Amino acid sequence: MKYKFIFLSISIFFISLYSSDFKDLNYVHKYILNQYSNNLDINNTKLNIRLLNKNNTYAFIQAIIVDKNNNTIGTNYIDDITFSLCLKKNKNSWKIIYDLSRTDVPSNKQVKDIQNSFPKEFPKSLLSNFWQEILMDDETIYNLKLQHFNYGFISLEQFYKIHQAIYKQRIDKALEDNHKVEAIKLQQDSINKLKNMMEGIIQRYKAGIADKEFLNQFRSYIQIEQFKYFSLTNKTYENNILKEFDQMLENLNY
């Protein structure tokens, strides 16, 4: 049992659960034992709820199974994971509509599989922070991380690494599919995203919350993105963002 890799996170389960509320969680308890344990008896175990988020129709539960004395149970009997379940209420019964329980961190391919198969109607705001981020689309992740940068939660370097990773994945996929025109458009978008940040970067310097090293760091990122465009097209980017930023720096008496 402990050697088994679980890939149920990309499977949808429609198991009837007979309870009108969450005061009695026997149905979740039974489901976990049936799916993940080696013949454990429900009477000798307890369901330990770690997280329960719900509205009138949907719920997200994270739980572990412990013995009657709240001690952990060996992996010879049950998988050593936090079980993550998505439920939907239908009249007076609940159904598990998706099982996100895993023994490992999902790979990029597995993340895509989960994103494609996850119920679209399920409110992601009910999920744990980990699964919310996993199931976000690239644009939502990008905007969230940009917001984190603007609020000072992450550094410029951290934000740019995310910027690079998102666009690299998109561009590599376009090139793999022989869509070079799409790859070029994506690289243009990458440059323009940095262009949209330029005024804010300058304002940080004017306000005294960024120094010249910070400006030079941002300038180097523009250089990198424009060079990527040149590598794709053998042409200089028609809207020379670097030149525009240098003009802004010159106006600062930089």
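Relevant structure appears above.
No experiment lies behind these values; they were computed from the predicted model shown. (Residues numbered from 1 in each chain as written. Predicted model: local features only at pLDDT ≥ 70, side-chain atom pairs only at ≥ 80, totals over all residues. Heavy atoms only, no water.)

Caption draft 1: Inspection of the side chain of lysine 193 at higher detail. Its place among the elements puts lysine 193 in helix H6 (residues 180–206). Relative accessible area serves as the criterion here: at 16%, lysine 193 is assigned to the buried category. Within the local environment of lysine 193, its side chain forms a polar contact with the side chain of tyrosine 167, the two groups lying 3.0 Å apart. Discounting chain neighbours no more than four positions away, the residues touching lysine 193 are Glu139, Tyr142, His163 and Tyr167. (Helix = DSSP H or I, 4+ residues; strand = E, 2+ residues; numbered from the N terminus. Buried < 20%, exposed > 50% of the residue type's maximum accessible area, 1.4 Å probe, protein only. Polar contact = N/O pair within 3.5 Å; in protein donor to acceptor, adjacent residues only side chain to side chain. Contact = heavy atoms within 4.5 Å.)

Caption draft 2: Spatial organisation of the nonpolar core. Core analysis: the biggest nonpolar cluster contains 36 residues, and Phe149, Met197, Ile201, Phe218, Ile222 and Phe245 have the highest contact counts within it. For this core, the element with the most residues is H6, which contributes 9 residues. In this view, isoleucine 222 contacts Leu194, Met198, Ile241, Leu242 and Phe245; residues no more than four positions away in its chain are not counted. The next biggest cluster of nonpolar side chains, apart from the first, holds 20 residues, and it includes Tyr31, Ala63, Ile78 and Leu85. (Core = buried A, V, L, I, M, F, W, Y, C linked by side-chain atoms within 4.5 Å.)

Caption draft 3: Spotlight on the packing of helix H4 (residues 138–150) against H6. Here H4 crosses H6 at 10°, and the two axes come no closer than 12 Å. The angle between H4 and H6 falls in the class roughly parallel. When H4 is examined against H6, the residues Glu139, Tyr142, Leu146, Phe149 and Asn150 are found in contact with a partner set consisting of Lys193, Met197, Ile201 and Arg204. Considered class by class, the residues forming the contact of H4 with H6 number 5 nonpolar, 1 polar and 3 charged. (Axes fitted to C-alpha atoms, helices over the stretch in contact; angles between N-to-C directions. Parallel < 35°, antiparallel > 145°, perpendicular 65-115°, else oblique. Nonpolar A, V, L, I, M, F, W, Y, C, P; charged D, E, K, R; others polar.)

Caption draft 4: Main features of the pattern of salt bridges. Tallied over the entire structure, the rule returns 13 salt bridges. In this structure, aspartate 138 engages arginine 170 in a salt bridge whose closest nitrogen and oxygen atoms are separated by 3.9 Å. Of the two residues, aspartate 138 is situated in helix H4 and arginine 170 in helix H5 (residues 156–176); the sequence distance between them amounts to 32 residues. A salt bridge links aspartate 246 to arginine 219, with the nearest nitrogen and oxygen atoms 2.6 Å apart. (Salt bridge = Lys/Arg side-chain N within 4 Å of Asp/Glu carboxyl O.)

Caption draft 5: Focus on the packing of aromatic side chains. Taken as a whole and judged by the stated rule, the model has 12 aromatic pairs. A centroid spacing of 5.4 Å and a plane angle of 65° characterise the contact between tyrosine 142 and phenylalanine 159, whose relative ring orientation is edge-to-face. A residue pair is termed long-range when its members are at least 10 positions apart, and tyrosine 142 in helix H4 and phenylalanine 159 in helix H5 qualify at 17 residues. Residue tyrosine 142 is classed as buried on the basis of its relative accessible area of 2%. On the basis of relative accessible area, phenylalanine 159 is assigned to the buried category, the value being 1%. Taking the centre distance of 6.2 Å and the plane angle of 85° together, the rings of tyrosine 142 and tyrosine 167 count as edge-to-face. Of this pair, tyrosine 142 sits in helix H4 while tyrosine 167 sits in helix H5, and the two are 25 residues apart along the sequence. For the pair shown, tyrosine 142 and tyrosine 167 are each scored as buried. Put simply, the rings of Tyr58, Tyr98, Phe118 and Phe122 pair up and form one aromatic cluster. (Phe/Tyr/Trp six-rings, centres within 6.5 Å; stacked < 30°, edge-to-face > 60°.)

Caption draft 6: Broad picture of the pairing of strand E3 (residues 58–67). Within E3, 9 of the 10 residues are buried, which leaves the element mostly enclosed by the surrounding structure. Here 9 bridges tie strand E2 (residues 45–54) to E3, and the two strands are oriented antiparallel to one another. Residue leucine 51 lies in a different strand from E3, and its bridge partner there is glutamine 62. Between E2 and E3, which pair antiparallel in sequence order, lie 3 residues. Inspection of the sheet shows E3 paired to strand E4 (residues 83–90) by 6 bridges, in the antiparallel sense. Residue pairing for E4: glutamine 62 is matched across the bridge by serine 84. (Pairing = 2+ DSSP bridges.)

Caption draft 7: Quick peek at the environment of lysine 95. Mapped onto the fold, lysine 95 is located in strand E5 (residues 93–99). Along the chain, lysine 95 and alanine 59 lie 36 residues apart, while their C-alpha atoms are 9.9 Å from each other.

Caption draft 8: Structural detail: the pairing of E4. Note that E4 and E5 share 6 bridges and pair antiparallel. Of the residues in E5, the one forming a bridge with leucine 85 is aspartate 99. Taking the residues that link successive antiparallel strands as the turn, the E4-E5 hairpin has 2 residues, and the phi of lysine 91 there is positive, at about 60°.

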